[in-house]
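# Structural overview for review
Given next are the chains, with one letter for each unit.
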Amino acid sequence: MAETQTDTQIQGLGHRRKRVEDMRFIQGHGNYIDDIKLPGMLYLDIVRSPYAHAKITSINTEKAMAIPGVLVVITGETLKQYNVHNMPTLMSDTQMVLPVDTVKYQYQEVAGVLATDRYIAADGVQAVEVDYDPLPVVVDPKMALEPGAPKVRDDKESNHIWHWEWGDRETTDQAFDQADVKVVQDIYIPRIHVSSIETCGCVADWDPIEKHLTLYMTTQAPHAIRTVVALVTAHLGLSEEKIRVISPDIGGGFGGKVPVYPGYVIAVAASIVTGRPVKWIEDRTENIAADSFARDYHMRAELAADKSGRMTALRISTIADHGYTDAAANPSKFPAGLFHIATGSYDLKHAFVEVDGVYTNKPPGGIAYRCSFRVTEAVHAIERMTDILAHTLGIDPAEFRLRNFIKPEQFPYTSALGWEYDSGNYALALRKAMDMIGYEELRKEQAEKRARGELMGIGISSFTEIVGAGPSKHFDILGLKMFDSCEIRIHPTGKAIARFGTKSQGQGHETTYAQIIAEELGIPADSIKVEEGDTDTAPYGLGTYASRSTPTAGAAAAMASRKIRDKAKKIAAHLLEASEDDLVWERGKFYVKGSPDRFKTMQEIAFAAYTNHPPGMEAGLEAVNYYDPPNLTYPFGSYICVVDIDRGTGEVKVRRFVAVDDCGTRINPMIVEGQIHGGLTMGFAPALLESINYDENGNIANPNFMDYLLPTAVETPRWELGETVTPSPHHPIGAKGVGESATVGAPAAIVNAVVDALWHLGVKNIDIPMTPQKIWTVLKEHGAALEE
Amino acid sequence: MIPPPFEYVAPKSVPEAVRLLSEDSEAKILAGGQSLLPMLKLRLVSPSLLIDINRIEGLDYIREENGWLKIGALAREASLERSDLVRSRYPLLADTCRSVADPQVRNLATLGGNLSHADPANDHPAAMLAYGAQVVITGPEGSRMIPVEQFFTGPFESALQHGELLTEICIPVPQMGSAGAYQKFERRVGDFATAAVAVQLRMDPDGTCAEAAIGLTNVGLTPIKAKAAGDVLVGRRPDDEVIRQAAQLAAEAAEPMDDQRGTEEYKRSLVKTLTVRALRTALARAGGGVQ
Amino acid sequence: MKTYPISLTVNGQKVEANVEARLLLVHFLREVLNLTGTHIGCDTTSCGACTVHLNGKAVKSCTVLAVQADGGMITTVEGLAQNGQLHPIQEGFHEMHGLQCGFCTPGMMMQAVAFLEENPDPTEDEIRMGISGNLCRCTGYTNIVKSIQYAAEKMRAERGQSEPGMEEMVR
């Protein structure tokens with residue numbers, strides 16, 4: 001049970017406070033995008049390309065326009081007149097809103113049909129006739145880099161987008177040359193898709209009289225969207241003070257609702273053209289086929305060690321398949337995100353990583369699915385290589401990790417790739433996990449089973465995460481610095497409203513932010529209303545993704561609260577007729593030193609702020625803080641997974657999964673656990689079930705839930721959670737982010753378990769997803785498939 | 001996501017449904033709708049008329065009569081799943097019902113629809129082959145009964161002629177010593193089978209197998225009756241070697257194709273493994289005593 | 001565009017409308033009746049977010065036509081609470097943190113209620129199989145199971161039965 005400093009009336013940090021959000025959701029009164037209905041609203045549906053690469057030779061809208069209720073068909077030519085047929089991406093590349101002559105991926109948007117209801121819009125889409133001349137398709141990024149490969153982009157020299165590298169290549173190469181042991185492994189992490197249960201959509205509401213755009217949108221970053229829309233439409237007369245982005249209830253984001261999809265822009269254009277509200281909601285097939293994917297990293301990883309089993313050097317070279325344009329939602333200085341966290345939890349002296357981005361005829365994206373900006377890829381690489389090295393050396397993987405962990409006394413620790421880890425205690429977390437799962441007994445059991453020909457594996461992942469983007473020195477998105485904000489206003493009756501620049505999509509901010517403020521001010525959390533998502537009222541922020549909210553906006557909440565406390569102290573001094581220096585704060589009140597019966601509560605102070613404020617001081621009791629974090633935060637954990645493999649079918653059954661997480665101060669343990677349950681499940685799914693598959697013509701094989709396999713409650717393991725608490729020394733309340741840790745750390749634990757089960761057969765690596773088909777094939781190749 | 005337009009009618013009797021069906025070659029029967037509606041939503045079919053037979057009373061019976069278990073075309077998967085009669089005496093059927101899609105779909109999906117749709121991926125056809133079931137088809141000329149072996153003629157093709165619908169399924173009442181089992185391997189619960197094997201057998205008191213039939217799901221253009229696999233068990237004690245032979249013959253009878261669920265080689269291997277497991281389960285149940 | 005008259009009861013209220021044959025029940029509920037608590041999450045009958053009760057059975061309303069519901073009785077999530085009192089399933093989801101973004105929740109609860117009416121004292125395995133037609137991306141199902149166990153216990157108590165399921169819940 002977590003320790004709490006406040007009682008159940010205040011419900012500050014550490015309380016398992018029940019969620020404020022629940023009441024509307026459990027009674028069917030959520031306000032999601034598709035619930036929004038405005039008078040005169042029209043529906044937008046989108047015609048999409050069946051080809052991955054083709055010239056559009058004609059678009060015939062006659063039949064579509066003949067359908068009663070179809071108002072207009074918008075094409076690239078329509079948008080080109082207003083110069084909004086293209087838009088910039090977050091990585092300063094170009095993305096088509098609608099093509100003028102060529103499509104670059106299957107399911108690409110080709111035209112928008114606007115109708116009076118969604119059924120007619122669907123009929124309209126089917127009636128639009130488009131002729132295509134197919135062009136050569138590039139699907140394999142390695143082939144895309146070969147000389148003579150068809151070019152994906154007419155406006156670019158080649159399919160190579162950029163080269164990025166980090167670390168010291170020379171000294172790392174030397175360390176490899178001198179190493180006693182080295183292992184190398186090609187690891188491919190395929191494309192996956194977040195598939196939040198709510199798809200993406202918007203309602204664009206242009207008021208032609210006020211020249212005002214209200215954009216209701218499934219977005220995790222409403223302010224950034226507003227600014228980007230303002231910049232991109234400035235030449236059309238839109239102006240930022242007359243753009244209001246409202247992110248209402250969002251049915252899951254996970255990074256998939258950060259990018260600007262063409263559908264949003266077409267809806268805005270359609271609303272401006274018709275002067276009526278326009279709703280666009282994609283269906284699931286469109287969502288999976290065309291929206292931002294995640295991963296698609298082809299890595300070659302190498303790890304070196306000395307003969308005593310101490311890791312000495314890491315080298316990773318990666319080809320990143322970005323689709324037809326670089327629209328990855330990265331901070332602008334980091335085209336490969338935070339991949340250089342790849343030295344992980346280990347005290348590695350030499351490291352060098354390089355990534356080459358490549359164009360292919362697939363949808364754009366790359367940053368999504370709880371990846372913390374490519375940290376999933378980095379952790380997968382280091383945790384897999386650690387296991388491969390341990391097995392190669394014949395050292396138990398847990399022992400090997402304990403030998404190589406950064407030690408608690410080494411923090412703050414600067415890694416070979418330049419990150420300053422704020423705090424950590426890796427050995428403690430791993431030992432706790434080993435204890436919880438009964439590691440020694442499991443190894444014994446494994447040996448017995450192996451002797452009988454049964455395949456059982458134990459896999460560990462001891463990851464270090466890096467979240468809370470980020471310090472203004474290094475982090476920006478399209479130039480916007482990645483601070484975040486909190487504005488608190490205390491009312492005369494001592495209640496409060498707090499608004500934030502972040503945007504929850506299920507993380508429970510309405511509940512947890514209030515707990516931070518309650519802790520700081522001693523006002524009951526139940527008295528604090530939390531709002532996010534309306535750019536007209538919320539202070540500017542960069543939104544919620546990459547586990548950044550607690551590290552940035554959570555900090556802002558504490559800092560704003562402290563500013564309020566400073567003013568409250570002045571008011572208390574005035575009320576108590578004492579000097580500020582003679583006042584002592586005891587959560588919820590100020591009392592006079594030595595006379596504890598002379599005190600004023602926050603409620604009394606709040607009331608006085610409006611009725612009896614000190615002369616010369618402004619009335620009111622409020623504060624805003626824009627928090628620029630001094631560093632990122634580094635949550636970490638150790639996960640241990642036990643698998644049994646069915647030799648007849650190749651099926652991998654996860655028998656147990658223990659997850660010990662450390663996210664520093666745990667604001668609401670109930671919510672932390674929920675994030676981890678969900679995160680683990682989104683780590684388990686890519687490990688065993690999910691991948692987006694293309695054929696050599698760029699046709700997507702599985703853009704729906706029949707064949708893109710999300711786990712149900714039946715497949716999902718029964719997660720066992722534990723925790724350690726190592727506060728962040730630089731965060732105002734010692735908290736780190738946690739939303740993505742489990743997705744980052746889990747896949748490697750599962751792969752490590754499966755490979756551990758099969759190592760004695762000569763298996764060194766299996767790429768995810770480890771489907772039964774794949775495992776069976778491996779078993780067959782190694783003579784271990786069950787022969788009845 | 002949005003179906004194309006069509007007309008709709010809800011007849012109150014089978015003759016009326018037959019008449020409507022005969023009059024319009026583009027009409028389709030709507031029973032549970034759990035296969036038809038998904039196809040409509042993806043615009044894979046565009047019928048002129050949907051004939052909703054759910055208002056026809058008395059088509060959802062499950063009863064034993066004259067040596068047959070008679071199941072009306074509208075009997076829902078969920079009703080079959082919950083029927084004490086089916087659970088106790090038709091474990092193969094109970095297994096199969098339970099493996100179809102998910103609980104909500106099973107509340108509406110019908111056995112009749114599952115067979116009529118003739119999707120080689122559907123689960124019931126293989127079980128019906130193993131049971132040696134018969135189906136009653138009603139059309140403008142009246143009703144006819146044919147063995148289910150003659151019903152599946154191709155992928156999504158059945159013996160149903162223009163104007164005909166399936167109205168009843170008949171499974172022979174199992175005799176003493178009978179049992180069955182369905183072993184389905186799927187990528188995820190609710191999926192179609194990567195491969196599945198249905199077994200129905202009867203044991204003699206002396207421990208030898210008196211009858212056996214094996215049906216295979218989704219490893220061919222139609223459901224497959226692995227005749228040789230069933231025959232090899234008859235008259236013999238089903239020890240590991242015999243079971244192995246049956247499994248090998250079942251794998252040889254399969255005609256799987258490479259697709260998203262697996263390669264031909266993998267599916268064939270699955271048939272072998274699943275046949276062994278289905279046989280072992282059925283034998284254990286027969287040992288437990290049916291009836 | 002041909003329409004068909006339908007008449008049904010939704011959450012205890014009589015409703016009449018003229019609808020196209022192809023109108024999906026989920027759209028009828030959301031767009032015509034403005035009951036937006038029932039959600040759409042996929043296009044292949046996979047996710048269960050649209051689950052409602054039709055004539056006492058849980059069905060996926062995206063895979064039922066509105067015309068099929070003529071003469072029928074429907075309960076949606078909006079009809080779970082009675083006289084301002086939350087249904088045990090709603091209470092369970094709140095107490096046990098069974099929801100995060102809330103989008104799958106109405107469908108999940110509707111299925112859970114139907115399941116518990118069939119199986120009032122289920123094992124954990126049975127619960128997981130019982131919701132196998134409902135997808136959630138946020139919770140990892142752990143707390144959804146606990147929410148359903150909570151509701152099961154409450155519903156059994158309300159029926160005056162004993163609670164052997166207590167051990168399951170505590171575990």
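For every chain, the first residue of its written sequence is number 1, and the numbers climb from 1 along that sequence. Numbering of ligands from 1 and lettering of chains from A proceed in the order in which they are written. Whole-chain, interface and lining totals are the exception, using all residues; otherwise, since this is a predicted model, local features are given only for residues with pLDDT of at least 70 and side-chain atom pairs are given and counted only at 80 or more. Hydrogens and waters are ignored; side-chain quantities use all the structure's heavy atoms.

### Topic: the nonpolar core
Cut-off, in case you're wondering: Remark: nonpolar core denotes a set of buried residues (Ala, Val, Leu, Ile, Met, Phe, Trp, Tyr, Cys) joined through side-chain atoms within 4.5 Å. Relative accessibility under 20% of the residue-type maximum defines a buried residue, over 50% an exposed one, and the middle range a partly exposed one, all with a 1.4 Å probe and only protein chains included. Helix and strand assignments come from DSSP, with helices taken as H or I runs of at least 4 residues and strands as E runs of at least 2, each series counted from the N terminus. Any pair of residues with heavy atoms lying within 4.5 Å of one another is described as a contacting pair.
Ranked by internal contacts, the top residues of the largest apolar core, which has 161 residues, are Phe339, Trp419, Phe657 and Leu758 of chain A together with Leu201 and Leu216 of chain B. Counting residues per element, this core draws most heavily on helix H18 (residues 741-758) of chain A, which supplies 11 residues. Beyond its immediate stretch of four places on either side in the chain, Phe657 of chain A contacts Tyr639, Ile640, Cys641, Leu680, Arg718, Trp719, Glu720, Ala746, Ala749 and Ile750 of chain A.

### A few points about the interface of chain C and chain A
Just so we agree on the cut-off: Buried area, as used here, totals the accessible surface that two parts lose on assembly, with accessibility defined by a 1.4 Å probe and the loss added over both. Salt bridges are identified by distance alone: a Lys or Arg side-chain nitrogen within 4 Å of an Asp or Glu carboxyl oxygen. Amino acid classes used here: Ala, Val, Leu, Ile, Met, Phe, Trp, Tyr, Cys and Pro are nonpolar; Asp, Glu, Lys and Arg are charged; the rest, including Gly, are polar.
Contacts between the two partners involve 50 residues from chain C and, on the opposite side, 56 residues from chain A. Interface of chain C and chain A: buried area, both sides summed, is about 4,400 Å²; carbon and sulfur atoms make up 55% of it. The interface formed by chain C and chain A contains 8 salt bridges. A salt bridge links Arg137 of chain C to Glu690 of chain A; its shortest N-O distance comes to 2.8 Å. Taken together, the elements giving at least two residues each to the side of chain C that touches chain A come down to helix H1 (25-32), helix H2 (88-95), helix H3 (105-118), helix H4 (124-130) and helix H5 (142-158) of chain C. The residue makeup of the side of chain C that touches chain A, split by class, is 21 nonpolar, 19 polar and 10 charged.

### Things to note about the environment of Val100 of chain A
Residues and elements named next belong to chain A. Looking at the secondary structure, you find Val100 in the loop between strand S5 (94-96) and strand S6 (102-103). Overall, the relative accessible area of 25% leaves Val100 in the partly exposed class. Remark: the alpha-carbon pair of Val100 and Thr78, spanning 22 residues in sequence, is separated by 9.1 Å. Excluding residues within four positions of it along the chain, Val100 makes contact with Gly76, Glu77, Lys80 and His85.

### Digging into the domain arrangement of chain B
Quick note on the threshold: Delimitation of the domains relies on an automatic or database domain assignment.
Domains assigned within chain B are domain 1 (7-52), domain 2 (62-172) and domain 3 (178-285). Between the C-alpha centres of domain 1 of chain B and domain 3 of chain B there is a distance of 35 Å.

### So, the pairing of strand S1 (residues 4-10) of chain C
Residues and elements named next belong to chain C. The line we're drawing: Here, strands pair whenever DSSP counts at least two bridges between them.
Only one face of S1 is buried: it carries Tyr4, Ile6, Leu8 and Val10, and the other face, with Pro5, Ser7 and Thr9, is open. One ladder, built from 7 bridges, connects S1 with strand S2 (residues 13-19); its direction is antiparallel. Directly across from Leu8, in S2, lies its bridge partner Val15.

### A closer look at the interface of chain C and chain B
Put simply, the rule reads: By the criterion applied in these results, polar contacts are pairs of N or O atoms within 3.5 Å in which, for protein atoms, one can donate a hydrogen and the other can accept it, and in which residues neighboring in sequence qualify only through two side-chain atoms.
Listed per partner, the contact involves 32 residues of chain C and 31 residues of chain B. For the chain C and chain B pair, buried surface summed over both sides reaches about 2,600 Å², with 60% attributable to carbon and sulfur atoms. In this structure, the connection of chain C to chain B is made through 3 salt bridges. The residue Lys2 of chain C makes a salt bridge to Glu7 of chain B at a minimum N-O spacing of 3.8 Å. Here chain C and chain B share 12 residue pairs in polar contact (both at pLDDT 80 or more) between them. Put simply, the parts of the chain that give the side of chain C that touches chain B at least two residues each are strand S4 (57-60), H3 and H4 of chain C. In terms of residue class, the side of chain C that touches chain B is built from 14 nonpolar, 11 polar and 7 charged.

### Regarding the sheet that holds strand S12 (residues 195-203) of chain B
Residues and elements named next belong to chain B. Overall, antiparallel pairing links the 4 strands, which are arranged S11-S12-S13-S14 in an open sheet. Edge positions in the open sheet fall to strand S11 (178-185) and strand S14 (224-225), since each of these has one partner strand only. Bridge count for strand S13 (residues 209-217) against S14 is 2 bridges, and the pairing is antiparallel. Counterpart to Leu216 in the pairing with S14 is Ile224.

### Structural notes on unusual backbone geometry
With an omega dihedral of -25°, the bond running from Ala469 of chain A to Gly470 of chain A counts as a cis peptide bond. Within the secondary structure layout, Gly470 of chain A lies in the loop between strand S21 (455-464) and strand S22 (476-477). Of note, the phi angle at Asn66 of chain B is positive, near 55°, even though the residue is not glycine. Note that Asn66 of chain B resides in the loop between strand S4 (62-65) and strand S5 (68-72). Phi angles above zero are rare outside glycine, and Asn83 of chain C is one such case at about 50°. By the element assignment, Asn83 of chain C lies in the loop between strand S5 (73-75) and H2.

### A look at the sheet that holds S4 of chain B
Residues and elements named next belong to chain B. Just so we agree on the cut-off: Between N-to-C directions, angles cover 0 to 180 degrees, with each direction set by a line fitted to C-alpha atoms, over the stretch in contact for helices.
Taking strand neighbours across the sheet as the criterion, the 5 strands line up as S4-S5-S10-S6-S7 in an open arrangement whose pairing is antiparallel. The open sheet has two edge strands, S4 and strand S7 (142-147), and neither has a second partner. For this sheet the average axis-to-axis angle between neighbouring strands, irrespective of direction, equals 25°. Where strand S6 (residues 134-139) meets S7, 6 bridges bridge the pair, whose relative direction is antiparallel. Paired with Val136 across the bridge in S7 is Met145.

### Observations concerning the pattern of salt bridges
Residues and elements named next belong to chain B. In this structure the tally under the stated criterion is 93 salt bridges over all chains. The closest approach of N and O atoms between Arg261 and Asp191, which form a salt bridge, is 2.9 Å. Of this pair, Arg261 sits in the loop between helix H10 (240-253) and helix H11 (264-288) while Asp191 sits in the loop between S11 and S12, and the two are 70 residues apart along the sequence. Exposure class is identical for Arg261 and Asp191. Each is buried.

### Looking at the packing of aromatic side chains
Residue and element names in this part refer to chain A. Basically, it comes down to this: The rule is short: rings of Phe, Tyr and Trp, with Trp giving its six-membered ring, pair when the centres are within 6.5 Å, and they are stacked under 30 degrees, edge-to-face over 60, tilted in between. Remark: a charge is flagged as sitting over a ring if the NZ atom of Lys or the CZ atom of Arg is within 6 Å of the ring centre and within 35 degrees of the ring normal.
Applying the stated criterion across every chain, the model contains 30 aromatic pairs over all chains. With centroids separated by 5.1 Å and ring planes inclined at 85°, the aromatic side chains of Phe657 and Trp719 adopt a geometry described as edge-to-face. Highlighted residues: Phe657 in strand S32 (residues 652-662) and Trp719 in the loop between helix H17 (669-688) and strand S33 (720-723), separated in sequence by 62 residues. Judged by relative accessible area, Phe657 falls into the buried class, the value being 1%. Here the aromatic residues Trp164, Trp166, Phe334, Trp419 and Phe475 are joined through ring pairs into a cluster of three or more. Note that Lys589 overlies the ring of Phe599, its terminal NZ or CZ placed 5.0 Å from the centroid.

### Remarks on the pairing of S12 of chain B
Residues and elements named next belong to chain B. Burial analysis of S12 places 9 of its 9 residues in the buried class, which makes it a mostly covered element. Neither face of S12 is open: one carries Ala195, Val197, Val199, Leu201 and Met203, the other Ala196, Ala198, Gln200 and Arg202, and all of them are buried. The sheet contact formed by S11 and S12 spans 8 bridges and is antiparallel. Its bridge partner lying in S12, Gly180 is registered against Gln200.

### A closer look at the side chain of Glu168 of chain B
All names here are of chain B. Quick note on the threshold: For the charge count, each Lys or Arg is scored as positive and each Asp or Glu as negative, with His and the chain ends excluded.
By secondary structure assignment, the location of Glu168 is in strand S10 (residues 165-172). In this structure, Glu168 is buried with no salt-bridge partner, the nearest side chain bearing the opposite charge being Lys70 at 4.5 Å. There is a polar contact of 2.5 Å between the side chain of Glu168 and the side chain of Tyr61. Other than its neighbours up to four places away in sequence, Glu168 contacts Tyr61, Lys70, Ile71, Ala73, Gln134, Val135 and Val136.

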